[in-house]
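Each chain is listed here by its residues.
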Amino acid sequence: MKGLYTSILSANFSNLESEIKLVESAGVQGIHCDIMDGHFVPNISYGPMVVSAVNKITELPLDVHLMIDNCDLFIKEFANAGADYISVHFENNIHLHRTISLIKSFNLKAGVAINPSTTITNIIEILPFVDYVLIMSVNPGYGGQKFIESSLEKIKALRRLIIKNKYNCHIQVDGGIDASNIRVIKNAGADMFVAGASIYRAKDKIKATKLILKEISKK
Ligand code: DX5
Ligand code: ZN
C-alpha cells in the first residue's frame, strides 16, 4: 500500500483516460478518488459511476476517499465500482467501528481520515481495526490548497503511537503535497502520499510525477 497516489480531482475530466495513463506510465502506486457531496464538504465532485469508469481504464489500486455523509449507504456501491481501499472521516461517522467493519466485509482495505482540526487522540480506539489513517493536511473540499505545516507534528505523533502499539497501519497524507515537501512528510512518518494539483496542474505531468517519486525514494 505504500507509495504515491494521484488524486484525479485536478485532472482534465474530458480526457480522463489519457490523464490516468500518464501517471500510470510515470509509475504511481494508485489512483486516489475524492468523493464529495456538497454537504460534509463545500464542494461536489463525482460518484461511483466515475470510479467504475476509472476502474476500466487502469489496473492500479483505486483508493476512494469518502467526503460524504451517510457513508454506510454507499460503501457497497463503491465496492462494486471497483474500489480497493475506502477511507471515511472520523468527524461524520459516529459509528466508526461499524462503518470500518462494513468496508472490510467487502474485502477492501479500510482507512479512517481526520481533518486538520481533529486530534489523533480521537482515533486511538479504531487504530487496531484500520489499514491506514488518512491525515488531511488541508481542509477537505478542494484541490490545490497549501499544505498545513502543523500536520507534520501530527504525523510524527501518530507514527510513535503505531510503533509503540505495534499496529499494522499505514499513514496516508493528503493535501498540498509536492516535490518540495514530500521528503519532510515522509521523514515525519508517512508512507502513503496523495498528490493532485502538483501533478495535474504541472506543464509536464510525467516529469512532475517522476520528480515526486524520486523525492520519495531518497532517504
Ligand atoms: C481534498 C482532497 C485531496 C486533494 C489533494 O479535499 O481530499 O485528495 O485532491 O489535492 P492537492 O494535491 O491538489 O492538494
Ligand atoms: Zn483526498
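Notes on the structure in this doc start here. Because the structure is predicted, anything quoted here is derived from the model rather than measured. (Residues numbered from 1 in each chain as written. Chains lettered and ligands numbered in written order. Predicted model: local features only at pLDDT ≥ 70, side-chain atom pairs only at ≥ 80, totals over all residues. Heavy atoms only, no water.)

### A word on the nonpolar core
What counts, and what does not: Among buried residues, those of type Ala, Val, Leu, Ile, Met, Phe, Trp, Tyr and Cys that are joined through side-chain atoms within 4.5 Å constitute a nonpolar core. Here the term buried applies to any residue with accessible area under 20% of the maximum for its type, exposed to any over 50%, and partly exposed to those in between, with areas from a 1.4 Å probe on protein chains only. Note on conventions: DSSP H or I runs of at least 4 residues are helices, E runs of at least 2 residues are strands, and numbering of each starts at the N terminus. What makes two residues a contact is simply this: any of their non-hydrogen atoms within 4.5 Å.
Among the nonpolar cores identified, the biggest contains 62 residues, and I8, L66 and I86 are the most heavily contacted of them. In terms of residue count, the dominant contributor to this core is helix α5 (residues 151-165) (five residues). Ignoring sequence-local partners within four residues, the contact set of L66 consists of I35, C71, I75, F78, I86, S87, V88 and H89. Membership of the second largest hydrophobic core comes to five residues, among which are Y5, Y132, M192 and V194.

### With respect to the environment of E215
Summarising the element assignment, E215 is placed in helix α8 (residues 205-217). Put simply, E215 and E59 are 156 residues apart on the chain and 24 Å apart in space, counted from C-alpha to C-alpha. Beyond its immediate sequence surroundings of up to four residues, E215 is in contact with A179, I182 and R183.

### Notes on the pairing of strand β3 (residues 62-67)
Put simply, the rule reads: Here a strand pair is declared whenever DSSP counts at least two bridges between the two strands. Think of it like this: strands point away, you trace from the first strand over the helix to the second, and a clockwise trace means the crossover is right-handed.
With six of six residues buried, β3 is to be regarded as a mostly interior element. Going residue by residue along β3, you find L62, V64 and L66 tucked away on one face and D63, H65 and M67 tucked away on the opposite face as well. Where strand β2 (residues 30-36) and β3 come together, six bridges link them in parallel fashion. Bridging across to β3, I35 finds its partner in L66. Considered for its hand, the β-α-β crossover made up of β2, helix α2 (residues 48-57) and β3 is right-handed. Following the backbone out of β3, through helix α3 (residues 75-81) and into the adjacent parallel strand β4 (residues 85-89), one traces a crossover that is right-handed.

### A short note on the packing of helix α1 (residues 16-26) against α2
The packing of two helices is summarised by the inter-axis angle and the distance between the axes. Basically, it comes down to this: To get an axis, fit a line to the C-alpha atoms, keeping to the stretch in contact for a helix; angles then go from 0 to 180 degrees between the N-to-C directions. Angles below 35 degrees are treated as roughly parallel, those above 145 as roughly antiparallel, those between 65 and 115 as roughly perpendicular, and all remaining angles as oblique. A crossing counts as left-handed when the near helix is turned anticlockwise from the far one by less than a right angle, and as right-handed when that turn is clockwise. Gly counts as polar in this scheme, as do all residues outside two lists: the nonpolar Ala, Val, Leu, Ile, Met, Phe, Trp, Tyr, Cys and Pro, and the charged Asp, Glu, Lys and Arg.
In contact at an axis separation of 10 Å, α1 and α2 are set at 55° when each is read in the N-to-C sense. With respect to α2, the axis of α1 lies oblique. The element α1 and its partner α2 pack so that their crossing is right-handed. Between α1, through L16, E17, I20 and K21, and α2, the contact on the second element is made entirely by V50, V54 and I57. The residue makeup of the contact of α1 with α2, split by class, is five nonpolar, no polar and two charged.

### Quick look at the pattern of salt bridges
Selection criterion: A side-chain nitrogen of Lys or Arg and a carboxyl oxygen of Asp or Glu constitute a salt bridge if their distance falls within 4 Å.
Throughout the structure, instances matching the rule amount to six salt bridges. When the shortest N-O distance is used, the salt bridge between E215 and R183 registers 3.9 Å. Note that E215 is positioned in helix α8 and R183 in helix α6 (residues 182-188), a separation of 32 residues in sequence. Assessed through its relative accessible area of 13%, E215 is described here as buried. Counted as one network, the salt bridges with shared partners bring together R183, E215 and K218.

All we've got here are geometric facts, nothing functional implied.
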